[in-house]
Amino acid sequence: MVARVIPLSDAVITGIDIAYRWTVDDPGTPAESSSIERKLLMLMTNEDEEINGMIVPSPSDNWEPTGNYAGIRLDLASAGALAWSDMLLALDLRTPDDRQLGTVLAAGGLAY
Amino acid sequence: VPAITHVHNLVAPDPPDTCELAIFPVAAVPFALGALEYRIPRYVWASDSYLRGVQLIRSLQMALLCGGVKEITDRLDNLYRLHAGAIYGTEYTVVSTDPELVIEPPIAAYHSLDFEHENSIMGRMEDSRQLLQNALNGTETPIYSRPDGIRDLLEQLLVAAEAESNLDPEMLAKLAEIAVLIA
């Protein structure tokens, strides 16, 4: 596609953003408690000590069960959080401006 | 009322960042996190302020999630209980952990000088005090009740030695010297 665009333009290509869209054919039925108004904000730190965030809609129950932040803060020892942390170490995920997304899941919390 | 949710081209303040501790209701955290997300998109910031501005917002979100004052005060309470336990022998019990940690007895405004366990620092010091009183002077204490102290025994020894005519004068002088030293 780039090769076909070049003859049509004087611009110099500096990069390509590829958006991959995928639609589930049979998405099933969400749980009663599911709500996309509720979101999980995950904050990750990268090797440059930057903090990057990612939003997960309609979060499942991976919250801290007790304490002041019960039901609000992501339990970093939960199975979901641990799996996410493992993935951060395994994959070199990048932000849209090509910075390292993060290597450590530092915190997560409910966001409206 | 002017809306502020669709601001753009904000210029982030330069470092250094001064920081403050804040007390906030945890119930407000989800709303604050959500509101701050409106300041994350690139169009909110002037192009050369984007990284800096987003990092400021992310650091505030992190601070909201990591708590602050409550954890510090909890740790101060833990430190108080550690000191009270070590110094006075106060024994604490976890009464419940859900929905929040409750430990008894509660931390009082002040602590009396009375200790609560003989293995505490104050308890051991009191033991040492009584031991010295009894050992040196023969003073009867709640813990120690030997009738004669070292001073009494030395005096008895000196009297007995002086009564003996063939005792080495040098040894006698040393005994007298010891008696003076602990007097």
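Quantities reported herein were computed from a predicted structural model and do not represent experimental measurements. (Residues numbered from 1 in each chain as written. Chains lettered and ligands numbered in written order. Predicted model: local features only at pLDDT ≥ 70, side-chain atom pairs only at ≥ 80, totals over all residues. Heavy atoms only, no water.)

Caption draft 1: Molecular detail of the nonpolar core. Among the nonpolar cores identified, the biggest contains 21 residues, and A:Leu43, B:Val29, B:Leu33, B:Trp45 and B:Leu65 are the most heavily contacted of them. When residues of this core are traced back to their parent elements, those giving at least two are strand E1 (39–45) and strand E3 (104–111) of chain A together with helix H1 (29–37) and helix H2 (50–66) of chain B. Of all the elements, H2(B) adds the most residues to this core, at 6 residues. Contact partners of B:Val29, with chain neighbours within four places excluded, come to A:Tyr69, A:Ile72, A:Leu110, B:Phe24, B:Leu64 and B:Leu65. (Core = buried A, V, L, I, M, F, W, Y, C linked by side-chain atoms within 4.5 Å. Buried < 20%, exposed > 50% of the residue type's maximum accessible area, 1.4 Å probe, protein only. Helix = DSSP H or I, 4+ residues; strand = E, 2+ residues; numbered from the N terminus. Contact = heavy atoms within 4.5 Å.)

Caption draft 2: Highlighting unusual backbone geometry. Backbone torsion omega between B:Pro15 and B:Pro16 reads 10°, so that peptide bond is classified as cis. Relative to the helices and strands, B:Pro16 is located in the segment before H1. That bond from B:Glu104 to B:Pro105 is cis: its omega, -5°, falls within 30 degrees of zero. Among the structural elements, B:Pro105 can be located in the loop between strand E2 (102–104) and helix H4 (121–137). One non-glycine residue with positive phi stands out, namely A:Glu49, at about 60°. Relative to the elements of secondary structure, A:Glu49 occurs in the loop between E1 and strand E2 (51–57). Here A:Glu49 falls in the exposed class, since its relative accessible area comes to 72%. Even without being glycine, A:Ser58 reaches a positive phi, approximately 50°. Take A:Ser58: it is sitting in the loop between E2 and helix H2 (79–90).

Caption draft 3: Here's a closer look at the packing of helix H5 (residues 150–163) of chain B against helix H6 (residues 169–181) of chain B. All names here are of chain B. Packing of H5 against H6 leaves a shortest axis separation of 10 Å and a crossing angle of 155°. Considering their axes alone, H5 and H6 lie roughly antiparallel with respect to each other. You can see that H5 and H6 cross each other, and the crossing is left-handed. Contacts between H5 and H6 involve Leu154, Leu157, Leu158, Ala161 and Glu162 from the first element and Leu172, Leu175, Ala176, Ile178 and Ala179 from the second. (Axes fitted to C-alpha atoms, helices over the stretch in contact; angles between N-to-C directions. Parallel < 35°, antiparallel > 145°, perpendicular 65-115°, else oblique. Left-handed = near helix turned anticlockwise from the far one by under 90°.)

Caption draft 4: Local environment of a nonpolar patch on the surface. Residues and elements named next belong to chain A. A contiguous nonpolar surface patch, about 490 Å² in accessible area, is contributed by Val2, Ile6, Ile13, Ile16 and Ile18. Within the element layout of this structure, Val2 appears in helix H1 (residues 2–5). Residue classification places Val2 among the partly exposed positions, given a relative accessible area of 30%. (Patch = residues over 30% accessible without salt bridge, like charges linked within 9 Å, V, L, I, M, F, W, Y side chains within 5 Å. Areas by Shrake-Rupley, 256 points an atom, 1.4 Å probe, with all protein chains shown as cover. Salt bridge = Lys/Arg side-chain N within 4 Å of Asp/Glu carboxyl O.)

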